[in-house]
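# Architecture at a glance
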Amino acid sequence: MLKNFWWPLEFSHIVKDKPMRVTALEQEFVLYRTPDGAAHVMSDLCVHRGGALSDGWMSGDCIVCPYHGWEYKSDGACVKIPANQKDMAVPKKARVDSYPTIEKYGYIWAFLGDIPESERPPLPELPHFDNPDFKVVRGTFEWPVYYERALENSLDAAHAPFVHGGAFGNRDEPEIPEYETKNYSFGAEMQVTLKPQKKNIPGLWKRLYKEEAEPKGVNTRAAFWMPCMTLLEVTLPMGLMVLFNFHLPVDEYKTITKWTQLRTFFKGNWADGDAVKRVLKIFNQ
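Just so we're clear, the structure is a prediction, and the values are computed from it rather than from any experiment.

Across all of its chains, the model carries 20 aromatic pairs by this definition. Their ring planes at 45 degrees and their centres at 5.0 Å tell us that Tyr 105 and Phe 129 sit as a pair that is tilted. Separated by 24 residues along the polypeptide, Tyr 105 in the loop between strand E10 (101-104) and strand E11 (107-111) and Phe 129 in the loop between E11 and strand E12 (135-143) bring together distant segments of the chain. In this structure, Tyr 105 and Phe 129 share a single accessibility class: buried. Ring pairs connect the aromatic residues Phe 11, Tyr 105, Tyr 107, Trp 109, Phe 129, Tyr 184, Trp 225, Phe 244 and Phe 246, which therefore count as one cluster.

Right, here's the structure in full:
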């Protein structure tokens, strides 16, 4: 797994002042917010006796271990050992691993590597997130696969007619036309027009879906950014549908995808349930 990148560990709206555990890259992390609202990421392991900090609580801007009450600042330094006499200094080696943290795109990102700040790759420049024309829904999906397989699947257009034929892709005309790849820093994209399905769109989308006498095809854009982000952008007759997948490896055999869907149609909250249902249907297929 590639550690010297920024990893999206959790949705912003999930992380509160109460410490919580996130398992990723075969490690345990604790995520929490200090009273100023800033998000922080640390190792979920008290250096004293291995207590889980995620089972602890906040005391001011310190996270407290539930086992012996050791208190840690967000930089990982222990600043209080309750069992010590008041005139005893806290040893400098009493500290927990703390990770640089950024909040952007509705996610909490942590840099988990060990290279100097000047050498770290930047956060990817992801499109659409700041565009108010989109309605946003988010969710998670768990895969029993290594995260590279999940990422690869998100970029693979050739499987769509056979696996997702009821939603998009035409099994009778599965050919993928020639396309060019556009490269950029730590990622790439491709755009291709796929043959549309030859059947009516079911459910809520049918209200806006305009049938064409001779379908021209569905314009799609697929992209990825290191270390684990993919994009599927589909131009539908009723608007633009964008799906970002943030594939978070738990271990070698488990991946949790924290996805964000953006759409320019049916932007009322009443349509969110249908949007989530469609995304999960594709994942389950």
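Still to come is the rest of the account.
Here the focus is the sheet that holds strand E7 (residues 71-72). The antiparallel open sheet is built from four strands, whose spatial order is E5-E6-E7-E8. Edge positions in the open sheet fall to strand E5 (57-59) and strand E8 (78-80), since each of these has one partner strand only. Summarising the sheet, strand E6 (residues 62-64) and E7 pair through two bridges and their orientation is antiparallel. Note on E7: the bridge partner recorded for Val 64 is Glu 71.

On to the nonpolar core. Formed by 38 residues in total, the largest nonpolar core has its most connected members in Trp 7, Leu 9, Leu 31 and Phe 244. Apart from the residues within four sequence positions on either side, Leu 9 is in contact with Val 22, Ala 24, Phe 29, Leu 31, Val 41, Ile 108, Ala 110, Leu 248 and Lys 258. The next biggest cluster of nonpolar side chains, apart from the first, holds 17 residues, and it includes Val 137, Val 234, Trp 259 and Phe 266.

Here we take up the pairing of strand E13 (residues 181-184). Taken together, the four bridges between E13 and strand E14 (residues 187-194) define a ladder with antiparallel strand orientation. Looking at the pairing, Asn 183 lines up with Ala 188 of E14. Two successive antiparallel strands, E13 and E14, enclose a turn made up of two residues, where Phe 186 displays a positive phi of approximately 60 degrees.

Rules behind the numbers
- Residues numbered from 1 in each chain as written.
- Predicted model: local features only at pLDDT ≥ 70, side-chain atom pairs only at ≥ 80, totals over all residues.
- Heavy atoms only, no water.
- Phe/Tyr/Trp six-rings, centres within 6.5 Å; stacked < 30°, edge-to-face > 60°.
- Helix = DSSP H or I, 4+ residues; strand = E, 2+ residues; numbered from the N terminus.
- Buried < 20%, exposed > 50% of the residue type's maximum accessible area, 1.4 Å probe, protein only.
- Pairing = 2+ DSSP bridges.
- Core = buried A, V, L, I, M, F, W, Y, C linked by side-chain atoms within 4.5 Å.
- Contact = heavy atoms within 4.5 Å.

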